[in-house]
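Structural overview
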Amino acid sequence: MATEASRPLLLPQNRKLRHLQGIYFRNLTLTRPRGQTIDDAALNKSPQKLEALREPQLHHAQSSGDLRPPKLRRRSSNWAGTSPGFRQKKLEDVIDSRTADTFFTLRCVGQDEPAYISEVVDKAMNPTFRFFDLSGLGPAITRLDTVIVTIWVKREEFTPLIEEEVNLQTLQFIGSLESHPFPPNCILFHLIDGIYTIDLASKPPKPKPAPSLPTSSYSALMRLSNLDESIQDALATREELASQINAILKDTPVDESPQAREEAALASKYLNSERKLLKQSIRRRSELQASISARKKAIESGKDIQTHALEDINHAQDKLHNCRTLVAKTTTDLHQQRRRICEELLTIFPIEPTASPLLFTICNLPLPNSHFDDGDEDTISAALGYVARVVDMLQYYLSVPLPYPITAYGSRSIINDFISKLQDNQRTFPLYNKGTLRFRFEYGVFLLNKDIESLAESQGLKVLDIRQTLPNLKYLLYVCSAGTSELPARKAGGVKGLLPVAKSWDAGSVSSRRGSADSGVASGVGDQIRRALENGGVDGKGGLMKTSNNGNGLGVFGGNHVHSLRTSGLRENVIK
């Protein structure tokens, strides 16, 4: 009854590469055994024929010029009188002829690169390689049942000794390595259930497709042997003649003049090439010297420029502090002047709250927040005219251009949209509701609120609701006029420098502005202008206003124009 170790656990069709764990190689043979010739079986091996062959009747023919010494028969007794070193050398040669460095590779069918390469086993006749695990190569390889095994040996360099395509299903199970004679160059496969073998050396090579030829007879072989001996004698004679000829040539003096002429010509050629190289080097040296001189001059000029620049910087350092101080003072003055202007705008155009929440008035004219259904059209137009005037002036005082330009015409003010994609004749929108389309009026109010938002963002303010026109404008003016220091005085000039009025007006004017010596002009002149506008260009005494005492100049409102001031709408410059 067979034991568990004497039979495989895997069925032949179930053997895959994932079950392969190791490979052994036994009886390494570097030379393949020769087979028999075709006529070996046809030889007469009878006792009479063998006895006849043993008799010294036939002799090899030798030529008359045989120079080779007779060959001695190899015997083991030839080592009897040799030294131990010689014997050791012979034994090492025998061992080297039977052992070699070995490794193997596994390659799948249809692939050029090996899937696994083993380590190299040094100087072994029966190499045993380390176990391996092919499960990490993926199912495309581990599920195969065919592999190409290549055994590599090294004599001078690694060359393939055996390359065999092995199907694991055709392996023979032997169980273990003990008590089994192995043929030469035998490959053993260690699977998970035991050891399998394949006899590569026992497989005869495939015969070549050629017709079988009859072999030679014994006499023909002997004649062939005699011919080989004659050829060897002729080769020995040729070698002796060659040595004699070489000795004669060695004793004969050699004419070295042709070689000397060749060397002289070669030296002349090299000399000419070196002269050319020398000329090129001299020309290159002169070019480099000129370049270096030009660079030196450029460096010197650059140093001079740098020195002048350093001097200018040193001189400028003295002025830098003064310039910075002046810039800081100018910035502070600008801020203070903007504060004064914004405070005066709040005084000229007062924005006050009402009893209703978030409803303000400007110059005592209420302006709703984007809801104009219940308000009076003329009042709303006049209030929007005031707002347009304030916003238009703020863009110059705060140095912030408006995205939507405003043309302030009192209660007939307009605003332009040059940004949106509109026709050229539709870019102007009214800030009054009377006589216009409602949606164009509301869009104009929206553009006005966007201008207020732009001014507020320039001052770092965040507008929560752009529809609240007056609250946002009051908040902007309040922030721009805020400060702890005293407001500066107004610059000289003002209305007095702009209007050609009589000197008598200046004498009767009383200063009403805080901190300004010239602002008194505005109070007196403003009252007279207001009375003139109410009387149609005639002063309170029934005559036109004169610009000077000589009577040659026109009045403030000279010409044929008649000016009036409407209580609602603020229409100006009406021609009768």
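This structure is a prediction, so every number in the text was calculated from the model and none was measured. (Residues numbered from 1 in each chain as written. Predicted model: local features only at pLDDT ≥ 70, side-chain atom pairs only at ≥ 80, totals over all residues. Heavy atoms only, no water.)

Assigned secondary structure in the protein consists of eleven helices and 15 strands. Considering only intrachain contacts with a sequence separation of at least 6, the fraction spanning at least 24 residues in the protein is 58%. Carbon together with sulfur atoms contributes 55% to the accessible area of the protein, which is approximately 40,000 Å² in total. (Helix = DSSP H or I, 4+ residues; strand = E, 2+ residues; numbered from the N terminus. Contact = heavy atoms within 4.5 Å. Areas by Shrake-Rupley, 256 points an atom, 1.4 Å probe, with all protein chains shown as cover.)

In the structure shown here, the tally under the stated rule is eleven aromatic pairs. Lying across the ring of tyrosine 432, arginine 412 places its NZ or CZ 4.8 Å from the centre. (Phe/Tyr/Trp six-rings, centres within 6.5 Å; stacked < 30°, edge-to-face > 60°. Lys NZ or Arg CZ within 6 Å of the ring centre and 35° of its normal.)

Another point: the sheet that holds strand S9 (residues 194-198). Read across the open sheet, the four strands follow the order S1-S8-S9-S7; overall the sheet is antiparallel. If you trace the sheet from one side to the other, it starts and ends with strand S1 (20-26) and strand S7 (172-173), each paired once. Two strands pair when backbone bridges link them, and S1 and strand S8 (residues 186-191) are joined in this way by six bridges, in the antiparallel orientation. From the neighbouring strand, phenylalanine 25 faces S8, where its bridge partner is isoleucine 187. (Pairing = 2+ DSSP bridges.)

This part takes up the pairing of strand S6 (residues 158-167). With nine bridges connecting them, strand S5 (residues 146-154) and S6 associate as antiparallel partners. Residue pairing across strands places threonine 150 opposite glutamate 163, the latter belonging to S6.

Let us now look at the sheet that holds strand S13 (residues 406-407). Overall, antiparallel pairing links the three strands, which are arranged S13-S14-S15 in an open sheet. Every other strand in the sheet has two partners, leaving S13 and strand S15 (428-430) as the edge strands with one partner each. The pairing of strand S14 (residues 414-416) with S15 spans three bridges and is antiparallel. Residue pairing in the sheet places asparagine 416 in a bridge with threonine 428 of S15. Strands in contact with helix H7 (residues 438-458) are S13, S14 and S15; relative to S15, the strand with the most contacts, it is inclined by about 100°. (Axes fitted to C-alpha atoms, helices over the stretch in contact; angles between N-to-C directions.)

Another point: the packing of helix H5 (residues 257-348) against helix H8 (residues 469-480). H8 packs onto H5 with a crossing angle of 140° between their chain directions and a minimal axis gap of 8 Å. With respect to H8, the element H5 is oriented oblique. Crossing hand, H5 versus H8: left-handed. Only Leu477, Tyr478 and Cys480 of H8 make contact with H5, whose side of the interface consists of Arg338, Arg339, Cys342, Leu345 and Leu346. Of the residues that constitute the contact of H5 with H8, the class distribution is six nonpolar, no polar and two charged. (Parallel < 35°, antiparallel > 145°, perpendicular 65-115°, else oblique. Left-handed = near helix turned anticlockwise from the far one by under 90°. Nonpolar A, V, L, I, M, F, W, Y, C, P; charged D, E, K, R; others polar.)

Here the structure, examined in full by the defined rule, presents two cavities of 30 Å³ or more. In this structure, the second largest cavity occupies an estimated 30 Å³ of space. (1 Å grid on protein atoms, 1.4 Å probe; cavity = no way out; pocket = protein on both sides within 12 Å on 5 of 7 lines; lining within 4 Å. Points joined across faces, edges and corners; volume = space filled by probe spheres on them.)

Attention shifts here to the packing of helix H6 (residues 377-397) against H7. Put simply, H6 and H7 touch, their axes get as near as 11 Å, and they point 35° apart. When the axes of H6 and H7 are compared, the crossing they make is left-handed. Within the contact between the two elements, H6 uses Ile380, Leu384, Val387, Ala388, Val391, Leu394 and Gln395 and H7 uses Phe441, Val445, Leu448, Asp451, Ile452 and Leu455. For the contact of H6 with H7, the per-class residue count stands at eleven nonpolar, one polar and one charged.

In this section: the pattern of salt bridges. Summed over all chains, the structure comprises ten salt bridges. Put simply, glutamate 119 and arginine 130 hold a salt bridge, and the shortest N to O gap is 4.0 Å. Taken together, the residues span a long stretch of sequence, with glutamate 119 in the loop between strand S3 (116-117) and strand S4 (121-124) and arginine 130 in the loop between S4 and helix H3 (139-142) at a distance of eleven residues. The exposure class assigned to glutamate 119 is buried, which follows from its relative accessible area of 18%. A relative accessible area of 56% places arginine 130 in the exposed class. Glutamate 442 serves as the salt-bridge partner of arginine 438, at 3.0 Å between the closest nitrogen and oxygen. With a gap of four residues between them, arginine 438 and glutamate 442 both fall in helix H7, about one helical turn apart. Connected via shared salt-bridge partners are Asp373, Arg438 and Glu442. (Salt bridge = Lys/Arg side-chain N within 4 Å of Asp/Glu carboxyl O. Buried < 20%, exposed > 50% of the residue type's maximum accessible area, 1.4 Å probe, protein only.)

Turning our eyes to something else, we now look at a nonpolar patch on the surface. Taken together, the side chains of Leu221, Leu224, Leu227, Ile231 and Leu235 make up a nonpolar region of the molecular surface, amounting to roughly 450 Å² of accessible area. Structurally, the position occupied by leucine 227 is in helix H4 (residues 218-251). (Patch = residues over 30% accessible without salt bridge, like charges linked within 9 Å, V, L, I, M, F, W, Y side chains within 5 Å.)

Bringing the confidence of the model for the protein into the picture now. With 73% of its residues at a pLDDT of 70 or more, the protein has an overall mean of 78. Here helix H10 (residues 503-508) stands out as the element of the protein with the lowest mean pLDDT, 41, in contrast to S13, whose mean of 94 is the highest. For the stretch residues 56-61, pLDDT sits under 50, and the model shows seven contacts to residues farther than four places along the chain or on other chains. pLDDT under 50 marks residues 200-205. Its contacts with residues more than four places away, or in other chains, come to eight contacts. (pLDDT = per-residue confidence, 0-100.)

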